[in-house]
Amino acid sequence: MVIDKKIRETDMEQQGKVWLAGAGPGDVGLLTIKTRKIMEEADTIVYDALVSTEILSLIPDEKEMIDVGKRQGNHPVPQKEINQILLEKAMEGKKVLRLKGGDPFVFGRGGEEAEVLAEHGILFEVVPGVTSAAAVPAYAGIPVTHRDYTSSFHVITGHPRKDGSSRIDYPALVSLKGTLVFLMGITSLGKICRGLMDAGMDPDTMAAVIAKGTTAGQKNVVSTLEHLEDEVLLSGIGTPALVVVGSVCSLAGRFVWRAALPLNGKQIVVTRPRENPGHLAGWLRTLGAQVIEMPTIRTKVISPNERLCEVMKKFGTCADQEWLVFTSVIGVRVFFQELKHLKIDLRQLLGGPADIKIAAIGAATERELAGTGIFADVVPEIFNAESLGTCIAEKAAPGSHIVIVRAEQGSPELLPPLARKRLAVEDIPLYTTVYTGNDAVTGRVKHLLENGEIDIVTFTSASTVRGFMASFEESGFENMCAVCIGEQTKREAERCMKTSDERNALQILTAEEASEEGILQTICDHFLQNTKRE
Ligand code: SAH
């Protein structure tokens, strides 16, 4: 109990507290476990423009999100105002996550924020993050130190003073002979290169500029100090970007590990129901893609469910053969959750005189059922509602009683094959799907869509398509490809996304097998084909 009390005190359930935390340079895999945990527990998240969309997409919907990276005319919120927000929210008793790109104390103004909090007696913790200064060169194959090349590395701000003058002591830097990493230096790139050369650095020293490091948009330019600026200008490389100067840059061409991943440089939006994260995002990341997880629908469970109660109480006593039909993983979960609420014992459910058969729409639903100790009798070869209906109609004994437990907006295609065989069907809604979205993520994704920076959006049901469209109706989808789990989802995507003008023209693909594995396969084939064509 003492421990319990201590944890509660430290956690400050009653009082406000601020976590000054780093989100890393972009890749979601570089987020620390500690920051990830606070993302779940905080009430308010105050975040910068440098925090990647991929990371924002992990934050639960109900959080208060304050974007201090951009406001009116793309100007960031002034530091004074940010300090004020942190103080106010903490004083209201909120748990505040101040989320910054990279590490909060490496040119992140975390020190200034800590000062203000300390001054006002606000509790705070610092959660260091993976700084871009080391991680971004690493993703370009550049180790910031290497025994054979250099024995130190130095991180320098390239940001000039307000009057435009430089604060950099070039002769001192050159004499260090270490790797130099300039943050915020891209606009002063020419001045930096010249400053170093004027101070005696060899113009042939290798150097690099890396933009949008660790994200799908990463671009590297590796050159010599003398030619770096020209090559950067030619490349049209974007921001944020950092500059690395030192002989270690020569290793970039040898350590090409990131670009070797098959889906490197691809940005993929995975839409899904909030309650069912699935495995697809993880698989895609392993293959090198940047994945924005975007729940577009949420399930609202119908509870108490009187109809379900009524039908389940007499289940197994209505006909010689009775079927229980599941059409989604969520359906299986909700069904058993509701049985628990209704206090219906499995022995009662399955112990009636009837011959009981269980059907599942596909492999994932079958697996979920197996987890509860029930092995489905019927899973159609093609995982869709129509095939499921046909399969049951073929296998069911005449006069069977079929109970379907599924979403209120369940696919109508399931019913005609059953009706043709004159089977008695009870279609019981367990949940409804409602559209959902996180404004912080939606805004960013809209922008990415408009810039043609999203390569693929995946859809695992017709309702995820509708949920997506509810957020992005007005957006253009050029360069984008939609990958759908099956024919029905594809039809919905065609209906919703191909109706307007040319601008919205997009490619729609359907997975051969209606499963997450099938979607993954389709994505890999799609890029492989495109690579061949290029
Ligand atoms: N606290 C951050 C740095 C903030 S200063 C950290 O520890 O990484 C902002 C500068 O960091 C940018 O101007 C750029 O130079 C660099 N930077 C941050 N993220 C970057 C990224 N993903 N790719 C390239 N440079 C990045």
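Residues numbered from 1 in each chain as written. Predicted model: local features only at pLDDT ≥ 70, side-chain atom pairs only at ≥ 80, totals over all residues. Heavy atoms only, no water.

What follows covers the nonpolar core. If you look at the biggest cluster of nonpolar residues, it comprises 42 residues, and the most contacted ones within it are Leu 97, Leu 99, Phe 468, Phe 477 and Met 497. Sequence-distant contacts of Leu 99, that is, excluding residues within four places in its chain, are made with Ala 21, Gly 22, Ala 23, Thr 35, Ile 45, Val 46, Tyr 47, Asp 48, Val 51 and Ile 55. The next biggest cluster of nonpolar side chains, apart from the first, holds 28 residues, and it includes Val 311, Ile 356, Ile 428 and Tyr 431. (Core = buried A, V, L, I, M, F, W, Y, C linked by side-chain atoms within 4.5 Å. Buried < 20%, exposed > 50% of the residue type's maximum accessible area, 1.4 Å probe, protein only. Contact = heavy atoms within 4.5 Å.)

A word on the pattern of salt bridges. What the rule picks out here adds up to 28 salt bridges. Among the salt bridges present, the one from Glu 41 reaches Lys 37, with a minimum N-O distance of 3.6 Å. Of this pair, Glu 41 and Lys 37 both sit in helix H2 (residues 33-41), four residues apart, which is roughly one turn of that helix. Of the charged contacts in the structure, one is a salt bridge between Glu 112 and Arg 109, with a shortest N-O distance of 3.0 Å. (Salt bridge = Lys/Arg side-chain N within 4 Å of Asp/Glu carboxyl O. Helix = DSSP H or I, 4+ residues; strand = E, 2+ residues; numbered from the N terminus.)

This part takes up the site of the ligand. Around the ligand sit 18 residues, and of these Val 106, Thr 131, Ser 132, Gly 213 and Ala 241 come closest. Gly 101 has a polar backbone atom sitting 3.0 Å from a nitrogen atom of the ligand. The contact in question runs from a nitrogen atom of the ligand to an N or O atom on the backbone of Val 106, over 2.7 Å. Contact with the protein chains covers 92% of the free accessible surface of the ligand, which is 540 Å². (Near = heavy atom within 4 Å. Polar contact = N/O pair within 3.5 Å; in protein donor to acceptor, adjacent residues only side chain to side chain. Areas by Shrake-Rupley, 256 points an atom, 1.4 Å probe, with all protein chains shown as cover.)

Before going further, it helps to spend a moment on the domain arrangement of the protein. Each assigned domain of the protein is listed here: domain 1 (17-130), domain 2 (134-251), domain 3 (267-296 + 436-533) and domain 4 (300-434). With centres defined by C-alpha atoms, the gap from domain 1 to domain 2 works out at 28 Å. With eight residues of domain 1 at the contact, the number on the domain 2 side is 12 residues. A buried area of about 670 Å², summed over both sides, lies between domain 1 and domain 2, and 76% of it is on carbon and sulfur atoms. In terms of surface lost to domain 2, no three residues of domain 1 exceed Pro 25, Asp 27 and Phe 107, which account for 64% of the buried area on that side. (Domains from an automatic or database assignment. Buried area = accessible area lost by both parts, 1.4 Å probe.)

Moving on to the packing of aromatic side chains. Any aromatic ring pair is given by two values, namely how distant the centres are and how the planes are angled relative to each other. The full count for this structure, using the stated rule, is six aromatic pairs. With a centroid separation of 6.4 Å and 10° between ring planes, the pair formed by Phe 326 and Phe 336 is classed as stacked. Here the residue Phe 326 occupies a position in strand E13 (residues 321-326), and Phe 336 occupies one in helix H12 (residues 329-341), the gap between them amounting to 10 residues. Plain terms: the ring middles of Phe 468 and Phe 472 are 4.8 Å apart, the flat faces sit at 50° to each other, and that makes the pair tilted. Of this pair, Phe 468 and Phe 472 both sit in helix H18 (residues 462-472), four residues apart, roughly one helical turn. You can call Phe 472 buried: its relative accessible area is 0%. Taken together, the aromatic side chains of Phe 326, Phe 335 and Phe 336 make up a single cluster linked through ring pairs. (Phe/Tyr/Trp six-rings, centres within 6.5 Å; stacked < 30°, edge-to-face > 60°.)

Moving on to the sheet that holds strand E6 (residues 153-157). Strand order across the open sheet formed by five strands is E6-E7-E10-E8-E9, with mixed pairing between neighbours. A single partner strand is all that each edge strand has here, and the edge strands are E6 and strand E9 (219-224). Recorded for the sheet is a direction-independent mean angle of 20° between the axes of neighbouring strands. Each of E6, strand E7 (179-183), strand E8 (206-211) and strand E10 (241-245) touches helix H6 (residues 132-139); the most contacted strand, E10, lies at about 80° to it. (Pairing = 2+ DSSP bridges. Axes fitted to C-alpha atoms, helices over the stretch in contact; angles between N-to-C directions.)

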